[in-house]
Amino acid sequence: MAKREVYKMIDLFAGCGGLSLGLEQSGFTPWFVNEIVEQFVNTYKYNHTLSDEHYYIGDIAKLNDDIDKYKKLFNGITLVCGGPPCQGFSMANRQRLIDDPRNSLYKQYLIFLNHVRPTFFIMENVKGMMNKFDEIIQNFNDYLGEEYQFDYSILKAQDYGVPQNRERFIMIGNRIGIPPKKIFVEIEKSKRQSFVLRDALIGLPHLEPRKQKGAKDIENDESGYTERDFEYIKNGFYNFINDGREIHKLYNHKNRYNNPRDLEIYRRLPQGANSLHESIADIMPYKRRNDIFKDKYYKLDENQICKTITSHMKFDCNMYIHPWEARGLSPREAARIQTFPDDYYFTGAQNMWYAQIGNAVPVKLAKAIGDGIMKFL
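A short tour of the structure in this document, coming up. Given the structure is predicted, the values throughout are model-derived calculations rather than measurements. (Residues numbered from 1 in each chain as written. Predicted model: local features only at pLDDT ≥ 70, side-chain atom pairs only at ≥ 80, totals over all residues. Heavy atoms only, no water.)

### Examining helix H6 (residues 180-188)
Then, number 1: Of all the positions in H6, only Pro 180, Ile 183, Phe 184, Glu 186 and Ile 187 are classed as buried. End-on view of H6: buried residues confined to an arc of 155°, all on one side of the axis. Exposed and oriented more than 90 degrees from the buried face of H6 are Lys 181 and Lys 182.
Then, number 2: Of the surrounding secondary structure, the elements contacted by the buried residues of H6 are strand E5 (120-125), strand E6 (149-156), strand E7 (167-174) and helix H12 (363-374). (Buried < 20%, exposed > 50% of the residue type's maximum accessible area, 1.4 Å probe, protein only. Helix = DSSP H or I, 4+ residues; strand = E, 2+ residues; numbered from the N terminus. Arc of directions from axis to C-beta. Contact = heavy atoms within 4.5 Å.)

In structure tokens form, the structure reads like this:
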């Protein structure tokens, strides 16, 4: 029997592992993980079997300083991926990306690529980065030379089955002579009709708001559980995110505390309505600044794709009101919208579940990218 080729992958700024998981589903082998937030790494570790020496929990700049210690481990890397945060990115900012100290992580990503020189790399970022692409080309050429070819595309998660409005700048490069546009053509072959929000939510248990403020450890049938036995409705969405596997546990499906006013707003709003809706005019806070706070509350429409899941959900879910229940989305519901499989478990406190999920790349978008690259390996 032929030995299976191993395509080693390094994930930088890995978070809880959404990008990694999608690429793993397409055939890449997670090999090394860098993430500065230990809580996020704990989730990655829980869901993977890598040994501790394959993790670097800390600043990528320090990893680059210590890179010689990892030379043997970094030999023969097929893919480096990651989304370096660019806090200094703005169309109005005339300072070059590479020179803005707020973008030091972007610079460190380039330094890492120069050290490791993988066969392929992926950089994902906000859609607006496309307006800086000429500058990005110069930055990458300065650090990598002309050995690499690279290009970008703006990919819409909803085009790949993800029930969510999410657009990302995806840049792919390689040093084996493949025109990057050919890779994006292959990625586009994974396009499929999107699911809608109802597909992701249907069949999950009803939840009531937690009655006591601060009682985070309470778990019951009303407000939910971190883990419980459960039988899912086996619809097309279930098969899509779980790849046909049978899951018999429900994880991270818990509601949080909400004050009575918010709960009344949740109850009154019709689907698709925001803070300006007449049904809540008498109890809506911030009335004098409605133009600013029109999206302070938003009730999702079950027949549409969801608005972009973000890490802001760790503070509240007022912009992510469940379409038919008077509550915000649970972490498990947000994870399903991000196309995490149902057995992907999030560790830590509940607000950190939301932070991890909101920061992640949708798993099935990542898989489509991986499938496109895999065609050339």
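Having seen the model, we can carry on.
### Brief notes about the pattern of salt bridges
Then, number 1: The tally for this structure, following the rule as stated, stands at 27 salt bridges.
Then, number 2: Measuring nitrogen to oxygen at the nearest pair gives 2.7 Å for the salt bridge that ties Arg 117 to Glu 147. Residue Arg 117 is found in the loop between helix H4 (104-116) and E5, and its partner Glu 147 is found in the loop between helix H5 (133-144) and E6; the two are separated by 30 residues along the sequence.
Then, number 3: With relative accessibility at 23%, the residue Arg 117 sits in the partly exposed group.
Then, number 4: For Glu 147, a relative accessible area of 38% translates into the label partly exposed.
Then, number 5: Ionic pairing is found between Asp 262 and Arg 261, a salt bridge with its closest N-O pair at 3.3 Å.
Then, number 6: Salt bridges sharing common partners tie together Glu 264, Arg 267, Arg 268 and Asp 282. (Salt bridge = Lys/Arg side-chain N within 4 Å of Asp/Glu carboxyl O.)

### Quick notes on the nonpolar core
Then, number 1: Formed by 33 residues in total, the largest nonpolar core has its most connected members in Phe 74, Phe 112 and Phe 140.
Then, number 2: For this core, the elements supplying multiple residues, two or more each, are strand E1 (8-12), helix H3 (60-65), H4, E5, H5 and E7.
Then, number 3: Here this core takes 6 residues from H4, the largest share from any one element.
Then, number 4: The residues contacting Phe 112, other than those within four sequence positions of it, are Ile 10, Leu 12, Ile 60, Leu 63, Asn 64, Ile 67, Phe 74 and Val 80.
Then, number 5: In terms of nonpolar packing, the next biggest core, distinct from the first, is built from 27 residues, Ala 200, Ile 309, Cys 317 and Val 363 among them. (Core = buried A, V, L, I, M, F, W, Y, C linked by side-chain atoms within 4.5 Å.)

### Quick look at the sheet that holds E1
What links the strands of a sheet is backbone hydrogen bonding, and the strands pair in either a parallel or an antiparallel sense.
Then, number 1: The mixed open sheet is built from 7 strands, whose spatial order is E3-E2-E1-E4-E5-E7-E6. Lying at the two open borders of the sheet, with one neighbouring strand each, are strand E3 (55-57) and E6. Recorded for the sheet is a direction-independent mean angle of 15° between the axes of neighbouring strands.
Then, number 2: Strand direction decides the pairing type here: strand E2 (residues 29-35) and E3, joined by 3 bridges, are parallel. Bridged to Asn 34 within E3 is Tyr 56. (Pairing = 2+ DSSP bridges. Axes fitted to C-alpha atoms, helices over the stretch in contact; angles between N-to-C directions.)

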